[in-house]
Protein chains: 2
Amino acid sequence: MNNDSSVAALATRLRREATDLRAGTRMPSSRALTERYRVSPVTVSRALALLVAEGVVVTKPGSGTFVAERRASHGAADRSWQNTALGDRRVDAEGVALGLIPVPDGVIPLVGGYLPEGLRPARALAAASARAGRRPQAWAAPPQEGLPELRAWFAGLTGCAPEDVLIAGGGQAALWLALRAIVPPGGPVLVESPTYPGAIAAARAAGLVPVPVPVDDEGVDPALLAEAFARTGARAFFCQPTFHNPTGAVLSPARRTGVLEAARAAGAFLIEDDFARHLSMGAAPAPLVSGDAAGTVVHIASLTKVTAPSLRISGIVARGPVAERIRAAQLVETFFPARPLQETALEFVSSPAWPRHLRAVSAELRRRRDVLAAALAEHLPDLEIPSLPSGGLYLWGRLPEGVDDVALAQAAWAHGVAIAPGRPYFPAEPPAAHLRLSYSAAPDIDALPEGVRRLAAALRATR
Amino acid sequence: MNNDSSVAALATRLRREATDLRAGTRMPSSRALTERYRVSPVTVSRALALLVAEGVVVTKPGSGTFVAERRASHGAADRSWQNTALGDRRVDAEGVALGLIPVPDGVIPLVGGYLPEGLRPARALAAASARAGRRPQAWAAPPQEGLPELRAWFAGLTGCAPEDVLIAGGGQAALWLALRAIVPPGGPVLVESPTYPGAIAAARAAGLVPVPVPVDDEGVDPALLAEAFARTGARAFFCQPTFHNPTGAVLSPARRTGVLEAARAAGAFLIEDDFARHLSMGAAPAPLVSGDAAGTVVHIASLTKVTAPSLRISGIVARGPVAERIRAAQLVETFFPARPLQETALEFVSSPAWPRHLRAVSAELRRRRDVLAAALAEHLPDLEIPSLPSGGLYLWGRLPEGVDDVALAQAAWAHGVAIAPGRPYFPAEPPAAHLRLSYSAAPDIDALPEGVRRLAAALRATR
């Protein structure tokens with residue numbers, strides 16, 4: 001067995017070493033490297049092969065390895081002409097990027113939208129992917145709509161038919177496809193306010209105009225939604241009716257029919273981002289798509305949230321002409337999600353590890369939510385949290401009057417805790433200052449109370 | 001070890017069986033299924049678990065497995081309202097889809113843009129992916145721009161710096177990102193004529209207007225390119241200077257500087273799709289990006305063509321503001337390519353299997369090209385092939401006057417050979433009827449002469 005991280009580590013060291021030497025200088029022999037870095041000859045030869053491929057060194061058979069000629073430095077070139085060519089269409093990725101930036105050691109992460117590393121099914125995924133990668137057709141093209149069994153599995157979550165499911169590459173890719181397929185550039189799209197910043201960023205990058213519709217702890221109000229459709233002529237409403245990000249709200253039974261009817265009356269689509277179905281602490285309500293025969297709902301379910309960031313597999317349920325448009329868009333934009341990932345996902349959800357994993361996630365999220373809520377009640381009673389969510393990864397709290405959420409987040413970082421300010425969750429001006437606190441990101445549940453203590457100290461410092 | 005294809009096969013049988021039964025009917029016991037289908041109890045229980053997850057059957061502890069209640073059929077619903085909501089923005093994926101449709105047994109494939117199965121490094125990829133999937137961080141998020149070592153590897157192909165490389169999810173995803181990042185909706189983009197239909201489809205899906213610039217067997221003429229820039233005000237030229245699809249042409253040394261200068265004089269970008277670099281039968285010229293300090297060239301290199309359809313990993317080289325725009329667009333549209341695929345690609349290209357694979361591919365492509373060319377000379381002398389390509393997967397031939405390429409492709413299919421008619425390769429009206437013949441797709445080299453004989457018969461039949 002090769003230790004692959006040691007190949008990479010050695011390559012990094014040798015790359016640095018070569019950069020400091022004149023072109024043509026002979027590198028130490030393989031044997032010398034083996035001894036100096038206490039690695040196997042195989043590791044040395046693989047690291048050198050990497051550097052040869054990169055053009056950092058060259059090998060001359062029989063005489064050794066030498067530092068290659070430097071490429072011309074491009075650093076000083078003037079590329080400002082590009083600004084004219086590109087024009088004013090900057091893509092604002094900050095809403096997405098913020099959630100993906102790793103938090104340095106020593107800072108407690110109360111941010112981030114994934115499970116903590118200890119709760120990710122890394123071993124089961126490794127086993128599933130090893131089996132998947134060995135199949136005869138593993139690296140061939142999958143059927144365009146995805147593996148039939150995986151489509152059937154996603155269909156089973158919604159009560160729809162397998163042929164209504166398109167396998168896509170993660171929730172973000174799915175909502176990008178759905179938004180662009182339905183709404184033309186320049187067109188309005190209704191979104192909950194607050195909502196997931198990645199949806200705002202995707203809508204804007206597609207040239208769409210997100211129009212906020214307020215939500216409370218029962219989700220969106222059908223009357224407000226109907227009004228927004230009438231005022232804007234929007235063709236789509238993007239929503240997260242189950243464990244909404246950031247509030248954790250579930251669309252109440254009383255409002256479900258009204259919300260669907262508002263979309264139908266407007267001749268519009270409802271894009272249901274069902275990202276948190278498997279992050280439930282008890283039962284999750286049926287998705288909106290399950291009662292929808294008219295094809296109003298385009299439903300997105302993702303496996304990433306409940307597993308790990310790199311299992312980028314989702315299922316889009318769509319019926320009617322919109323299904324064809326989304327399918328064609330995916331084909332033109334990316335062809336298809338790589339088959340080994342589809343096979344890995346299928347392996348995992350049809351293995352005995354899957355129900356075990358769901359139970360473990362559910363129990364741990366409940367524990368973490370309760371620990372975070374108790375710490376907030378004790379140390380930060382000023383943060384107003386209307387009700388505890390029964391699923392998802394976040395608490396959403398309203399700050400006292402006069403506290404600036406962005407300034408507080410900066411102060412919190414300086415105090416050793418990372419939190420998400422509320423502002424990026426609002427498509428327009430926020431009605432009040434909020435915070436989103438993730439109970440899932442910290443490696444250890446015991447870090448949560450300490451994180452809250454640091455946050456409380458930061459709040460005192462900013463006042 | 002579980003035999004996973006037998007789980008899937010059994011699930012398919014049982015799904016069909018359950019569909020024919022009334023809801024509530026008891027399914028045969030696990031033991032009975034084990035005997036009837038001669039599979040292990042583990043296979044039975046995994047297949048049943050899959051059907052439970054899909055909602056096809058339900059298990060009642062202690063009493064057995066039963067056919068579930070049917071979901072309401074959605075088939076008859078009227079979804080024509082969607083046409084109004086979606087409007088006239090159909091995505092035409094046919095140019096892409098044609099290349100991905102599997103050819104049935106009995107039809108000789110002279111279509112398709114991938115290596116034949118026997119030449120794909122399936123075993124090496126399986127080994128690489130098994131190692132990759134087991135790494136501690138395999139399923140975590142990769143660095144946003146991609147794994148550093150993989151960026152360095154792609155950089156080494158071009159002489160650019162590792163920090164100029166963004167890892168993306170396959171060549172199609174990369175060219176989609178580059179086109180959209182550079183050209184605003186409604187804007188023109190210059191493309192070679194003929195060119196890769198997937199580029200035409202992506203440009204149109206992004207709302208761009210492809211404008212053809214003719215190529216001959218030395219690639220594009222700088223004077224014509226300069227004229228097209230001046231006439232259209234286009235900000236980008238999409239081209240494949242090395243083993244162009246479909247003609248196989250290489251941009252001649254005499255024209256390289258002129259082409260770069262035409263783009264620079266126009267203040268425009270040149271998108272270099274370097275898809276076939278590793279499909280060379282001898283040496284491939286340096287990519288255009290390697291001599292470009294001004295950031296004019298956005299370069300796309302992909303690993304998919306030289307390995308297998310599902311290793312969807314590519315590297316985009318971009319310098320200056322355009323690099324930031326492409327990076328932000330990828331983040332907003334899909335986050336990042338799954339880390340296990342990046343690790344697999346890195347494992348493979350830095351293993352001893354990689355140079356061995358390249359040698360094998362090069363030798364086999366040369367053999368196949370020669371066999372196909374000889375068969376054409378013998379059986380189809382009317383097909384005019386100006387010069388044999390020294391890389392890539394295709395021969396491009398001009399049909400005699402009066403022969404319709406699309407009609408011939410249909411007749412060929414009926415005669416048991418699949419070929420690509422030339423029409424989809426032209427962004428506007430074709431100047432003449434052409435065929436593209438792939439020598440890489442047929443499983444066996446011996447099928448090539450027989451394919452040509454069938455094509456000759458089809459040509460006789462259509463005349």
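Criteria and thresholds
Residues numbered from 1 in each chain as written. Chains lettered and ligands numbered in written order. Predicted model: local features only at pLDDT ≥ 70, side-chain atom pairs only at ≥ 80, totals over all residues. Heavy atoms only, no water. Helix = DSSP H or I, 4+ residues; strand = E, 2+ residues; numbered from the N terminus. Rg over C-alpha atoms; globule rule 2.2 N^0.38 Å. Buried < 20%, exposed > 50% of the residue type's maximum accessible area, 1.4 Å probe, protein only. Contact = heavy atoms within 4.5 Å. Lys, Arg positive; Asp, Glu negative; His and termini not counted. Charge placed at Lys NZ, Arg CZ, Asp CG, Glu CD. Buried area = accessible area lost by both parts, 1.4 Å probe. Salt bridge = Lys/Arg side-chain N within 4 Å of Asp/Glu carboxyl O. Polar contact = N/O pair within 3.5 Å; in protein donor to acceptor, adjacent residues only side chain to side chain. Nonpolar A, V, L, I, M, F, W, Y, C, P; charged D, E, K, R; others polar. Pairing = 2+ DSSP bridges. Arc of directions from axis to C-beta.

Colleague: Honestly, the overall build of chain A in this entry has me stumped. Any pointers?
Modeller: Counting secondary structure elements, chain A contains 16 helices and 15 strands. Here the C-alpha radius of gyration of chain A, 25 Å, is about what a compact globule of 463 residues would show, namely 23 Å. Once the C-alpha set of chain A is aligned to its principal axes, its extents read approximately 80 × 55 × 55 Å. Within chain A, the proportion of its 463 residues that are buried is 60%. Of all intrachain contacts in chain A linking residues separated by at least 6 positions in sequence, the fraction that spans at least 24 positions is 72%. Of note, chain A has its 48 positive side-chain charges centred 9 Å away from the centre of its 43 negative side-chain charges.

Colleague: Would you take a moment to explain the interface of chain B and chain A for this structure?
Modeller: Think of interface size as the accessible area that goes away when the parts come together; that is how it is often given. Chain B puts 106 residues into the contact, and the matching count from chain A is 108 residues. Interface area for chain B against chain A, summed over the two sides, is near 9,000 Å², with a carbon-plus-sulfur share of 61%. Contact with chain A buries surface across chain B, with Trp139(B), Arg325(B) and Val332(B) losing the most and accounting together for 10% of the total. At the boundary of chain B with chain A, the tally comes to two salt bridges. The residue Glu347(A) makes a salt bridge to Arg46(B) at a minimum N-O spacing of 3.5 Å. For the pair chain B and chain A, the number of links is 36 residue pairs in polar contact (both at pLDDT 80 or more). Split by residue class, the side of chain B that touches chain A holds 60 nonpolar, 21 polar and 25 charged.

Colleague: So what exactly am I meant to see when it comes to the side chain of Arg327(A) here?
Modeller: Residues and elements named next belong to chain A. Within the secondary structure layout, Arg327 lies in helix α12 (residues 321-334). In this structure the side chain of Arg327 is engaged in a polar contact, spanning 3.0 Å, whose partner is the side chain of Gln144. In contact with Arg327, other than residues within four places in its own chain, are Gln144, Glu145 and Leu166.

Colleague: I tried to follow the pairing of strand β9 (residues 269-274) of chain A on my own but got confused; where do I start?
Modeller: For a regular strand, side-chain orientation follows a simple rule: the groups alternate between the two sheet faces. All names here are of chain A. With six of six residues buried, β9 lies mostly within the body of the structure. Judged by which residues are buried, β9 turns out to be covered on both faces: Phe269, Ile271 and Asp273 on one side and Leu270, Glu272 and Asp274 on the other are all buried. The pairing of strand β8 (residues 236-239) with β9 spans four bridges and is classified as parallel. Counterpart to Phe238 in the pairing with β9 is Ile271.

Colleague: I keep staring at the sheet that holds strand β10 (residues 297-302) of chain B and nothing clicks. Help me out?
Modeller: The strand order across the open sheet formed by eight strands is β4-β11-β10-β9-β8-β5-β6-β7 (chain B), and the pairing between neighbours is mixed. Looking at the sheet topology across the chains shown, the edges are occupied by β4 (165-168) and β7 (219-220) of chain B.

Colleague: Would you explain the pattern of salt bridges in this entry?
Modeller: Once the charged atoms of two side chains with opposite charge are near each other, the side chains can pair. Across all of its chains, the model carries 43 salt bridges over all chains by this definition. The salt bridge involving Asp405(A) is made with Arg423(A); its shortest N-O contact spans 3.2 Å. With Asp405(A) in helix α15 (residues 405-414) and Arg423(A) in the loop between β14 (420-421) and β15 (434-438), this residue pair connects regions lying 18 residues apart in the sequence. In this structure Asp405(A) comes out as buried when scored by relative accessible area, which is 4%. Three or more residues joined by partner-sharing salt bridges are found here, namely Arg46(A), Arg131(B), Arg135(B), Arg339(B), Glu343(B) and Glu347(B).

Colleague: Explanation requested: helix α2 (residues 30-37) of chain B in the structure shown.
Modeller: Side chains three or four residues apart in an α-helix point the same way, a direct result of the helix having 3.6 residues per turn. Residues and elements named next belong to chain B. Residues of α2 that are buried include every one of Leu33, Thr34 and Tyr37, and no others. Within α2, the buried residues cover an arc of 105 degrees as seen down the axis, which keeps them to one side. Away from the buried face of α2 by more than 90 degrees, exposed residues Arg31 and Glu35 are located. Backbone geometry just downstream of α2 places Arg38 in the positive-phi region, at approximately 50 degrees.

By themselves, these are just geometric observations and shouldn't be taken as functional.
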